[in-house]
Amino acid sequence: MTIQNKIALIFTVLSAGIILALSIYIYIFASESISGSFYHRLEVRAGIVGHAALEENKSKTSVYYDFKEKHLGDLPFENHHVIHNVNSARAGNIKSSLHLPESFYSQIRFDTPARFFRSDTSYVGMKIAKGDKNVLVLSTAVDVFGLAEMENLKNLLVTGFLISMFFVFTFGKLFSAQIFRPIRLIIRNVKGINAHNLHQRLVPNGSNDDISDLSKTFNDMLDRLEITFEVQNNFVSNASHELKTPLTVISGEAQIGLSIPGLPQNAIDSFHTIYRESERLEHLTNSMLSLAQTGFDGKKEQWEELRIDELILDVKEAVDKIIPSNHVAINFDHLPDDDQKLILNGNKTLLKAAFSNIVLNSCKYSDNKPVTVIIKADHTYAIVEITDEGIGIPDREINQIFVPFFRASNTEKYKGYGIGLPLAHNIIRMHQGKVDVHSRVDEGTRFVTYLPFK
Ligand code: ADP
């Protein structure tokens, strides 16, 4: 989950908690207040009924009832039980018909009426005294309007809660999106910075806040990285350049040596070895130089229009020089009808280095068994498939073969440095292409490269 969504969610949960607590408080407060006033109305009526029951003068009794009826009116389902003698059988019957808890009766005092509520019915119990006589009045009624009001309030609070949750979540998302906008901008900018454009910097947002600090910190780090890359790049470039000239001289001298007539066989063999090894070393230094260029500085490439089939023929020529006994066969059967699909824009030297590294690996790791190179195209890419019958790459290591200096665990028998494939990968990516690898241990490997045609 993104931090943005997390913030929106936390914001919603917090607000939900607060709104819920507030709604419960309002509901309890309203319920207490409505039921309190209903109890009070029931107690007033119970008092009148009690006083009427204690009145000996019957004409006065009817005055009480008239007053109650005219000025107070009946409550819904209003019922009164007047008990003159709490120990009588009638009192027992009434009590058992009402099913009220014992604590209700023990609460009843002369001045404090008892209240009880069960299944929508309100119960009131009170003692009324006049002279030396007293009665116990048990009254019941249903607060139909109060209950309906509470039901309405409950619906209102639930609907209000759901609607406010919707708004809180929506606004929470908008709010966090707004807060994270500068951070997303930084992420997008940082993603765009790689070894090829290390000189790029983040643009501080002008304010004096944490985000601006973050941009400045990134820029400082990029300054340091750029210097380190530059130093490393210069070192590799200079070392490779310095090695190139003596190596060319050595291979040239070996070729001159080979042309001397009447040399003994062992001298010819030595010259051959010197020539082959110096070619191999030259290829290695060229690869290091190219890796330095492609990995550190994209500005140095020179791009031109080139044909992939011609490039592969050049690659074959270079491979023949290094491994004369190779069995690389180029298959032109799948060439596209449309020649345009073979033309791409790229750096010839780099692409040649990339493909020769892949083909040389195929020869090396198959002990010179046949290697097939197929050139074809789909609607976007010129595709080159290089298939060998070699040792293959263990499944769990296949993801690492493009990591510089990585060598698979089954390569002890073969010389290598782990820079050929990372270089090839860098070069092909630099040309907006991609490389797929399919391999089975002891059966062989297929590299499929895709380069967009013009
Ligand atoms: P190396 O100099 O070791 O060949 P690379 O960078 O060219 O370095 O290749 C990296 C690793 O990928 C190799 O060490 C090897 O384990 C594996 N690999 C590359 N090509 C092949 C292949 N055709 N068959 C089997 N393994 C290969």
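A few points on the structure. (Residues numbered from 1 in each chain as written. Predicted model: local features only at pLDDT ≥ 70, side-chain atom pairs only at ≥ 80, totals over all residues. Heavy atoms only, no water.)

### Focus on the overall build of the protein
Each helix and strand counted, the protein has 10 helices and 11 strands in total. For a compact globule of 454 residues, the expected C-alpha radius of gyration is about 22 Å, and the protein comes in at 48 Å, more than 25% above that figure. Over its C-alpha atoms, taken along the principal directions, the protein stretches across nearly 160 × 55 × 45 Å. Pairs at least 24 residues apart make up 67% of the contacts formed inside the protein by residues separated by at least 6 positions. With an accessible surface of roughly 26,400 Å², the protein has 59% of that area assigned to carbon and sulfur atoms. For the protein, the separation between the mean place of its 47 positive charges and that of its 52 negative charges on side chains is 9 Å. (Helix = DSSP H or I, 4+ residues; strand = E, 2+ residues; numbered from the N terminus. Rg over C-alpha atoms; globule rule 2.2 N^0.38 Å. Contact = heavy atoms within 4.5 Å. Areas by Shrake-Rupley, 256 points an atom, 1.4 Å probe, with all protein chains shown as cover. Lys, Arg positive; Asp, Glu negative; His and termini not counted. Charge placed at Lys NZ, Arg CZ, Asp CG, Glu CD.)

### Here we look at the sheet that holds strand S1 (residues 79–83)
Strand order across the open sheet formed by four strands is S1-S4-S3-S2, with antiparallel pairing between neighbours. At either end of the open sheet lies a strand with only one pairing partner, and these are S1 and strand S2 (114–118). Direction aside, the axes of adjacent strands within the sheet are offset by 20 degrees on average. Across five bridges, S2 lies against strand S3 (residues 121–130) in antiparallel orientation. Pairing of alanine 114 across the sheet is with glycine 125, part of S3. (Pairing = 2+ DSSP bridges. Axes fitted to C-alpha atoms, helices over the stretch in contact; angles between N-to-C directions.)

### With respect to the pattern of salt bridges
On inspection of all chains with the given rule, the structure shows 19 salt bridges. The residue aspartate 339 makes a salt bridge to arginine 307 at a minimum N-O spacing of 3.2 Å. You can see aspartate 339 sitting in the loop between strand S6 (328–331) and strand S7 (343–346) and its partner arginine 307 sitting in strand S5 (residues 304–307), a full 32 residues away along the chain. With a relative accessible area of 39%, aspartate 339 lands in the partly exposed category. Taking relative accessible area as the criterion, arginine 307 reaches 22% and is therefore assigned partly exposed. Put simply, arginine 446 and glutamate 385 hold a salt bridge, and the shortest N to O gap is 3.9 Å. One end of the pair, arginine 446, is in strand S11 (residues 444–452); the other, glutamate 385, is in strand S9 (residues 381–387), and 61 residues separate them in sequence. Looking at arginine 446, the relative accessible area reads 35%, which means it is partly exposed. On the accessibility criterion, glutamate 385 (12% relative accessible area) is buried. (Salt bridge = Lys/Arg side-chain N within 4 Å of Asp/Glu carboxyl O. Buried < 20%, exposed > 50% of the residue type's maximum accessible area, 1.4 Å probe, protein only.)

### Overview of the environment of asparagine 5
Residue placement: asparagine 5 occurs in helix H1 (residues 3–54). Overall, asparagine 5 belongs to the partly exposed group, its relative accessible area being 27%. As a C-alpha pair, asparagine 5 and phenylalanine 169 span 164 residues in sequence and 9.7 Å in three-dimensional space. Reaching out from asparagine 5, the side chain makes a polar contact with the side chain of lysine 173 at a distance of 3.0 Å. (Polar contact = N/O pair within 3.5 Å; in protein donor to acceptor, adjacent residues only side chain to side chain.)

### Comments concerning the sheet that holds strand S10 (residues 434–440)
Taken together, five strands build an open sheet; the order of strands is S6-S8-S9-S11-S10 and the sheet is mixed. Of all strands in the sheet, those with a lone pairing partner are S6 and S10, marking the two edges. Across this sheet, the average inter-strand angle for adjacent strands is 15 degrees, counted without regard to direction. Lying over the sheet, helix H8 (residues 308–322) contacts S6, strand S8 (371–377), S9 and S11, oriented at roughly 170 degrees with respect to S6.

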